[in-house]
Amino acid sequence: MDTNRIIQAIQVSGIRRFDEAIGSSADTIKLTVGKPDLATPEHVKDAAVRAIRDDWTHYSPLMGFAELQHAASQYFHTRYGLTYAANDVLATVGATEAVATSLLTLLNPGDGVLLPTPAYASYAPLVAMAQGKLITVDTTANGFKLTADSLERALNSQPTTPIKAIILNYPTNPTGITYTRTELLALRAVIAAHDLYVISDEIYSELTYDQPHTAFATLYPEKTVTINGLSKSHAMTGWRLGFIMAPQPLIAEMKKTHQYLVTSTSSITQAAGIEALTNGIDDGQRMRAKYQQRRELVANRLGAIGLNYVYPAGAFYVFVQLPSWFNGTSWQFATQLAHQAHVAVIPGSAFGTAGEGWVRLSYAASSTKLTTALDRIATWINQMEEN
Ligand code: PLP
């Protein structure tokens, strides 16, 4: 093929590939894709219906409707103390476009981008598409948390690469870890010393269970690009609404990239977003309470089964280690589990080589489904251990 080499070299994500590989047998419980099972709140849906009826169905300004920018600026101020002006908010097609637009705007060809791994599967291909050089930092040795030391080591290991930015994502997909303010301050010191941009993907910020979420921009406003959205907090993955928040003149540069990629996100979705951000400030907290109960259910059952896992501080994933008797890859383990126990989870290798030896279980599923899935896992593990 004579198509673009970068695109040739990337693959559809391991998450989707695995999901497709195991098929869609009706009796398999899928705890795979990070898709909330909860419904978008009724008042949010109503706002979208009203928008259609009122003919809010045309192009919007490039940055998004002023009402939406204003609502987002207020919401993120109330929730996390962020101080972005309405004009510093750019509405995007989900957090995914926000990451793409940020990378395409920040990077020159060959610029280094640090990424703590295991990590969400879209970052590496997007860095490649922006012609950046990905520098992964394996976090497995420290309970999947990036430390100031490991960051400093990674920076020093690349003397010939101009390192431009670091991607942070917390609460983290796939491990469910998050950082305390103190830990973030330690990272900030290294980041600021090296004058890096931070692309801080905080899409799971509302799903932080045991401590307040600290937005990185509150510690490092000058060079942080904050990414957030309504996909996870308001169960709106299908609406495709995210945000980039960054100071001027950076956000004005992002606007150009965004224009030529997508023009704007859907006007109807933006109407829903305005409603979610103004009258739905409690929705995220209500949903969090549900996920928190499920977290307890899953953690208790995994503990009883005797599997080693990372107790999640946020998001709706639990990262589970393959049992020591299993002789194979995480892909093989997840495939056997799907075919023999009829429970589907994602192989850790889908999140980079640092995820090998683990699988990710999503608890964005009803308690009934989770209970049945864990019953099946328990029975299967018992059988395997007896053999
Ligand atoms: N960032 C992270 C860390 C995610 O886990 C996901 C979705 O799973 C996204 C971004 C994508 O969000 P959106 O659906 O808003 O594009």
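Owing to the predicted nature of the structure, the values given are computational and were not obtained by experimental measurement.

A. Fine view of the domain arrangement of the chain. Segmenting the chain into domains produces domain 1 (5-40 + 283-386) and domain 2 (42-279). Using C-alpha coordinates to define each centre, domain 1 is positioned 25 Å away from domain 2. Counting residues at the interface gives 35 residues for domain 1 and 37 residues for domain 2. Among the elements of the structure, α1 (5-9), α2 (14-21), α11 (283-305) and β9 (317-321) are those that each provide at least two residues to the side of domain 1 that touches domain 2. Here the side of domain 1 that touches domain 2 takes seven residues from α11, the largest share from any one element. Among the residues forming the side of domain 1 that touches domain 2, the class breakdown is 20 nonpolar, 10 polar and five charged.

B. Expanded view of the sheet that holds strand β7 (residues 224-229). What the seven strands build is an open sheet, ordered β2-β8-β7-β6-β5-β3-β4; its pairing is mixed. The open sheet has two free edges, formed respectively by β2 (89-92) and β4 (133-138), since each of these has just one partner strand. In this sheet, neighbouring strand axes are inclined to one another by 20° on average, regardless of whether the strands run parallel or antiparallel. Its contacts with the sheet place helix α4 (residues 66-80) against β2, β7 and β8 (242-245), and it is angled at close to 110° to β2. Against the sheet, helix α9 (residues 250-262) makes contact with β2 and β8, and its axis sits at roughly 20° relative to β2, the strand it touches most.

C. Structural detail: the environment of A121. Its location among the elements puts A121 in the loop between β3 (112-117) and α6 (123-129). Between the alpha carbons of A121 and G352 there is a distance of 7.5 Å; along the sequence they are 231 residues apart. Apart from residues no more than four positions distant in its own chain, A121 is found in contact with S13, G14, I15, A350 and F351.

Quick notes on the rules
- Residues numbered from 1 in each chain as written.
- Predicted model: local features only at pLDDT ≥ 70, side-chain atom pairs only at ≥ 80, totals over all residues.
- Domains from an automatic or database assignment.
- Contact = placed C-beta atoms within 7 Å.
- Helix = DSSP H or I, 4+ residues; strand = E, 2+ residues; numbered from the N terminus.
- Nonpolar A, V, L, I, M, F, W, Y, C, P; charged D, E, K, R; others polar.
- Pairing = 2+ DSSP bridges.
- Axes fitted to C-alpha atoms, helices over the stretch in contact; angles between N-to-C directions.

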